[in-house]
Amino acid sequence: MKTLRDVKVGETVTVVRLHGEGAVKRRIMDMGITKNTTVFVRKVAPLGDPIEVTVRNYELSLRKADAQMIEVEEA
């Protein structure tokens, strides 16, 4: 299982599944990250957290803990 946390800078992936439950899962979905959404990893902070991605034509920063809950596959 590959998660968004494992994706390298410059790669584009597709969301397969969201793990987690309750408020955390709802927050991720509210940010526009849902099943079959394309995500492009723009950059990673110097210490590795957060990760900046492009989703639905806008930039979004995610914590590593949140990125770990997003299962992805190669686009």
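Throughout what follows, the structure given in this document is the object of discussion. Small disclaimer: the values here were computed from a predicted structure and weren't measured. (Residues numbered from 1 in each chain as written. Predicted model: local features only at pLDDT ≥ 70, side-chain atom pairs only at ≥ 80, totals over all residues. Heavy atoms only, no water.)

## Considering the overall build of the protein
The criterion, for reference: Only DSSP runs of H or I with at least four residues qualify as helices, and only runs of E with at least two residues qualify as strands; both kinds are numbered from the N terminus onward. With C-alpha atoms as the basis for the radius of gyration, the globule rule is written as 2.2 Å multiplied by the number of residues raised to the power 0.38. Burial here depends on accessible area, computed with a 1.4 Å probe over protein chains only, as a share of the maximum for the residue type. Under 20% is buried, over 50% is exposed, and the range in between is partly exposed.
Broken down by element type, the protein carries two helices and six strands. Sequence-ordered secondary structure for the protein, helices as α and strands as β, is β-β-α-β-β-β-α-β. Taking 2.2 N^0.38 as the reference for a compact globule, 75 residues should give roughly 11 Å; the C-alpha atoms of the protein span a radius of gyration of 11 Å, in line with that estimate. Along the longest, intermediate and shortest principal axes, the C-alpha atoms of the protein span 30 × 25 × 25 Å. Counting the 75 residues in the protein, one finds 36% classified as buried.

## Points about the sheet that holds strand 4 (residues 51-55)
Whether parallel or antiparallel, the strands of a sheet pair through hydrogen bonds between backbone atoms. Rules: DSSP-based pairing: two strands are paired if at least 2 bridges between them are found.
The strand order 1-6-2-3-4-5 describes an open sheet built from six strands, whose pairing is antiparallel. Strands with a single pairing partner mark the edges of an open sheet, and in this sheet they are strand 1 (2-3) and strand 5 (58-62). Pairing between strand 4 and strand 5: five bridges, direction antiparallel. Along strand 5, the bridge assignment pairs Ile51 with Leu62.

## Overview of unusual backbone geometry
Cis geometry marks the peptide bond from Asp49 to Pro50; its omega dihedral reads 10°. With a phi angle near 65°, Asn57 is a residue other than glycine that sits in the positive phi range. With respect to the element layout, Asn57 can be found in the loop between strand 4 and strand 5. A residue is classified by how much of its surface remains accessible, and Asn57, at 79% relative accessible area, is exposed.

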